[in-house]
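Geometric and topological summary
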Amino acid sequence: SVDSVELDDDVIDEAINGWTREAGVRQLQRVLGKIYRAVAVKTARGTVDGPLQVGIDDLPEYLGKRKVREESHEALDKAGIATGLAWTPVGGDVLYVEASTLPGKGRMHLTGQLGDVMKESARAALTYVLANAESLGIPLDVLETHDVHIHVPAGAVPKDGPSAGVTMFTALASLLSGRPVKPHLAMTGEASLRGR
């Protein structure tokens, strides 16, 4: 029974963050049900005497391997990385846009399962950054001997939508000017070719 299990708020938060990923609560109901059933089996076998306290460290025993990993980024203090905020069907999410240069002739490479809208946002961001290089403190010949690569990690997840343009612009401006973005700054929204 539910009375035979003690779950505090931290355990429920961890179950939500690590084993569910939805806007509603159906999956959470299934996850908690799995814990209650496991405790019921232990109670029936006589291995539990009184209410069982389930802690955060016990969740993998009852729920298996963690299913959802939070995206984190260790190098937010380096130039070329910007933090974006994105809408998903299961609520908001944080995404990181990374930009890097490599030897080449001014081409752009895009990776991270980006959809057409995000690819267009990246092209518009690069055009704006290059067209306004001088005012952004970027050398005018920056891409004469280099290509630029934009990557949005969590490559297994397809990404699309009109809310990453400003993040891509910021990552590119940061990379090409050599100035890191403030680590606690996150953004969402599109950017036009004129920088609006």
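For the structure, check the block above.
Residues numbered from 1 in each chain as written. Predicted model: local features only at pLDDT ≥ 70, side-chain atom pairs only at ≥ 80, totals over all residues. Heavy atoms only, no water.

1. Things to note about the overall build of the chain
On a plain count of helices and strands, the chain comes out with six helices and seven strands. Starting at the N terminus and ending at the C terminus, the chain contains elements arranged as β-α-α-β-α-β-β-β-α-α-β-α-β. When the accessible surface of the chain is summed, it comes to about 11,600 Å², and 53% of that surface belongs to carbon and sulfur atoms. (Helix = DSSP H or I, 4+ residues; strand = E, 2+ residues; numbered from the N terminus. Areas by Shrake-Rupley, 256 points an atom, 1.4 Å probe, with all protein chains shown as cover.)

2. Concerning the packing of helix 4 (residues 116-131) against helix 6 (residues 165-177)
It is the contact of helix 4 with helix 6, at a shortest axis distance of 8 Å, that shows an interaxial angle of 40°. Our classification of the angle between helix 4 and helix 6 gives oblique. In the packing of helix 4 onto helix 6, the handedness of the crossing is right-handed. Residues Met-118, Ser-121, Ala-122, Ala-125, Leu-126, Tyr-128, Val-129 and Leu-130 of helix 4 lie in contact with helix 6, whose contacting residues are Gly-165, Met-168, Phe-169, Leu-172, Ala-173 and Leu-176. Partitioned by chemical class, the residues of the contact of helix 4 with helix 6 number 12 nonpolar, two polar and no charged. (Axes fitted to C-alpha atoms, helices over the stretch in contact; angles between N-to-C directions. Parallel < 35°, antiparallel > 145°, perpendicular 65-115°, else oblique. Left-handed = near helix turned anticlockwise from the far one by under 90°. Contact = heavy atoms within 4.5 Å. Nonpolar A, V, L, I, M, F, W, Y, C, P; charged D, E, K, R; others polar.)

3. Notes on a negative patch on the surface
On the surface, a cluster of negative charge is made up of Asp-8, Asp-9, Asp-10 and Asp-13. Looking at the element boundaries, Asp-10 is found in helix 1 (residues 9-19). (Patch = residues over 30% accessible without salt bridge, like charges linked within 9 Å, V, L, I, M, F, W, Y side chains within 5 Å. Salt bridge = Lys/Arg side-chain N within 4 Å of Asp/Glu carboxyl O. Lys, Arg positive; Asp, Glu negative; His and termini not counted. Charge placed at Lys NZ, Arg CZ, Asp CG, Glu CD.)

4. Notes on helix 2 (residues 26-45)
If you check helix 2, its first and last C-alpha atoms are 29 Å apart, about what 20 residues at 1.5 Å a residue would give, namely 28 Å. Listed as buried for helix 2 are Leu-28, Val-31, Leu-32, Gly-33, Ile-35 and Val-39. In this structure, the buried side of helix 2 is in contact with strand 1 (5-6), helix 1, strand 2 (52-53) and helix 3 (59-63). (Expected span 1.5 Å × (residues − 1). Buried < 20%, exposed > 50% of the residue type's maximum accessible area, 1.4 Å probe, protein only.)

5. Describing the packing of aromatic side chains
Within this structure, the stated rule accounts for one aromatic pair. On the basis of an interplanar angle of 65° and a centroid distance of 5.4 Å, the ring pair of Tyr-128 and Phe-169 is categorised as edge-to-face. Highlighted residues: Tyr-128 in helix 4 and Phe-169 in helix 6, separated in sequence by 41 residues. (Phe/Tyr/Trp six-rings, centres within 6.5 Å; stacked < 30°, edge-to-face > 60°.)

6. Considering the nonpolar core
Generally speaking, nonpolar side chains in soluble globular proteins are found buried as a group. In this structure, Val-97, Val-129, Ile-138, Met-168, Phe-169, Leu-172 and Leu-176 are the most contacted members of the largest nonpolar core, which totals 29 residues. Looking at this core, the elements with two or more residues in it are strand 3 (81-88), strand 4 (91-103), helix 4, helix 5 (133-136), strand 6 (146-151) and helix 6. At seven residues, helix 6 tops the list of elements feeding residues into this core. Setting aside residues up to four positions removed in sequence, Leu-176 forms contacts with Thr-101, Val-129, Leu-130, Ile-138, Pro-139, Val-142 and Leu-143. Counting 15 residues, the second-largest nonpolar core is a separate cluster that includes Ile-35, Val-48, Val-54 and Leu-63. (Core = buried A, V, L, I, M, F, W, Y, C linked by side-chain atoms within 4.5 Å.)

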